[in-house]
Amino acid sequence: MFHVLVSDSISSDGLAPLLNDENINVVQKKVSEVDDLEKYDALLVRSATKVTEELLQKMTNLKIVARAGVGVDNIDVEAATKYGVVVINAPDGNTISTAEHTFAMMASLVRHIPQANVSVKSGEWNRSAFLGTELYGKSLGIIGLGRIGSEIAKRAKAFGMNVLVFDPFLTKDRAQKLGVNSCKLDEVLAQADIITVHTPLTKETRGLLGKENIGKTKKGVYLLNCARGGIIDEEALIHYLEIGHVKGVALDVFEVEPPVNRKLLDFEQVIATPHLGASTKEAQLNVASQVAEEVLKFLNGKPVTNSINLPTLTKDIFDKIQPFYKLAKKLGQLASQYMKEPVQHIGIVYEGTVAELETSFITKAFLAGFLGERVDSTVNEVNAGLIAKERGISFSEKIASNGSGYANCIAVQVDGDHRTFSVKATYIPNYGERIVDLNGFDIDFYPAGEVLYVEHIDKPGVIGRVGKVLGDHGVNIATMQVGRKNVGGEAIMILTCDKLIDDQLIEALVQFDDIVSAKTIHL
């Protein structure tokens, strides 16, 4: 008999897979109301219950925590992993509801439905005041073509819209299958009549539609954000609404929720909803059913598909694999930020002591790090392989004889549409993670923080010019490593910096003839 504690409000219909199993005892109580926490095998929560390390210490028999929803901010995932507790969520349960909500917002925006509704209810009958725009024949720009973006594209095509997509990781094959036009960001901004954003909120996407990029859009453009607050800069929106450049805005999410920027909401052409993307009966039932089914599978010894952390491991195996797991995830982030283009294949080679471990977990940790900023849903070590396949990315791993000279080595090659990226790294006990080769250049640096990657020609004075530009922009260099293949030939610099590096600094660097490229990478 397994004991399951449901500590937040979840409907009986959603819990049906567990309630209908004779080997499962389900108790629906708040954690604070339960005296025998140590007996429960599984814990189901929404957002109200805080799953802290203190709670995990009390639930000594706990094997799995299930979040009936997408976000896991209320769960200490690191502590759960430490105690061998699997954390799962329901990343796909709100895909349709969010896509439909976005489309409903779009139709309401161009036809002035909320404003017309208020007018009629106030006793007016002013048809001429609400002259709308048809969706048919218009160009819809979708920024981010993950699961939700893909569903919106399908609906837009059914409405006879021309779909323009900016997603730097969208392959030609996938674009053709979905019948969309893959474009550069500037092309979407310049050509789209309506633009909707569907990316994760990251350092790179925060303020993506800011003052500069909104200025590149058509006069009279409509903008929508039903994804993450902050992708569209609210102050920039106010500016372009005031000058009449943006015709209308639909927002389901805000930089601060509930929104505090009342000036934005005071515009008549701005329509807003209180983060309702996932608020349908079906979505709420879907997420509850998904996690209930996952918990049932897990308790019956079957694999789960939506784990956020590592599968349950013994403490000994966990301690051995953890350094390489963390290193691989960082390597994935590094490769993804360097390769800002579609990717076909990822190959990973293990040498030395790391090759003796369960390398499949480490490979999927790399994929999770690589894909994490490329998709609009949670990526983890369990679903990373499936998401890679959906994106048309193949991957492989192999064990090689120890030719690197290190006690352990992880070597990765990423093949993209236009170029290849390679990296080698090692983990040294009591010393830490080291990247020892980058694109064929011998190097030695600790992968963490704000990294400036500069490709240049090996000539006197280049390092000094880079240092001066950073100094002029108030950026302090914490560490610096250089590498070259031949004297006077190709070379690289790797600098870790004490503050964020902005686009203006990068633009200043690439003005020099001997600097081939400069990139920022955050680890």
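All residue numbers here refer to positions counted from 1 along the written sequence of the relevant chain. Selection of residues for local features in this predicted model requires a pLDDT of at least 70, selection of side-chain atom pairs for listing and counting requires 80 or more, and totals for whole chains, interfaces and linings are taken over all residues. No hydrogens and no water enter the side-chain calculation; it runs on all heavy atoms of the structure.

1. Some words on the overall build of the protein
Elements are defined by DSSP. Helices are runs of H or I of four residues or more, strands are runs of E of two residues or more, and each kind is numbered from the N terminus. Within the protein, the regular secondary structure consists of 17 helices and 22 strands. Throughout, radius of gyration means the C-alpha value; the globule benchmark is 2.2 Å times the number of residues raised to the power 0.38. Expected size for 523 residues packed as a compact globule is a radius of gyration near 24 Å; at 25 Å, the protein falls within 12% of this value. Considered along the principal axes of its C-alpha atoms, the protein spans approximately 80 × 70 × 40 Å. Residues classed as buried in the protein amount to 53% of the 523 residues present. A 1.4 Å probe rolled over the protein chains alone gives each residue an accessible area, and that area as a share of the maximum for its type sets the label: buried under 20%, exposed over 50%, partly exposed in between.

2. As for the environment of Ser 182
Summarising the element assignment, Ser 182 is placed in strand E8 (residues 181–182). With 18 residues separating them in the primary sequence, Ser 182 and Leu 164 have C-alpha atoms 6.2 Å apart. Any two residues whose heavy atoms approach within 4.5 Å are treated as being in contact. Apart from residues lying up to four places away in sequence, Ser 182 is in contact with Val 165, Leu 170 and Ala 175.

3. Let's talk about the pairing of strand E21 (residues 490–497)
E21 sits mainly inside the fold: seven of its eight residues count as buried. In the sheet, strand E19 (residues 450–457) pairs with E21 via eight bridges, with the strands oriented antiparallel. In the strand pairing of E21, Glu 455 is matched with Ile 492. Only strands joined by at least two bridges in the DSSP assignment are considered to pair. When strand E20 (residues 477–484) meets E21, the two strands line up antiparallel, connected through seven bridges. Residue pairing across strands places Thr 479 opposite Thr 496, the latter belonging to E21.

4. A short note on helix H10 (residues 234–242)
Burial in H10 covers these residues: Glu 234, Ala 236, Leu 237, Ile 238, Tyr 240 and Leu 241. Where H10 is buried, its residues meet helix H9 (211–214), strand E10 (221–225), strand E11 (246–251), helix H11 (262–265) and strand E12 (270–272). A distance of 3.1 Å separates the backbone nitrogen of Glu 235 from a side-chain oxygen at the start of H10, and that oxygen is part of Asp 233. A positive phi of about 80 degrees marks Gly 244, the residue just after H10. Residues adjacent in sequence count toward polar contacts only when both atoms are side-chain atoms; beyond that, a polar contact is any pair of N or O atoms within 3.5 Å, and within protein one must be able to donate a hydrogen and the other to accept it.

5. Details of empty space enclosed by the protein
Cavity means a closed set of points on a 1 Å grid over the protein atoms alone, one where a 1.4 Å probe fits but cannot get out, pocket means an open set with protein on both sides within 12 Å along at least 5 of 7 lines, and lining means a residue has an atom within 4 Å of a point. Grid points are joined across faces, edges and corners, and a volume is the space filled by probe spheres set on the points. Under the criterion given, the structure shown has one cavity of 30 Å³ or more. As a volume, the largest cavity reaches approximately 30 Å³. Along the walls of the largest cavity sit Asn 225, Gly 229, Gly 230, Ile 232, Glu 234, Leu 251, Val 253 and Phe 254, which together make up its complete lining. Polar here means any residue other than Ala, Val, Leu, Ile, Met, Phe, Trp, Tyr, Cys and Pro, which are nonpolar, and Asp, Glu, Lys and Arg, which are charged; Gly is therefore polar. A per-class count over the lining of the largest cavity returns four nonpolar, three polar and one charged.

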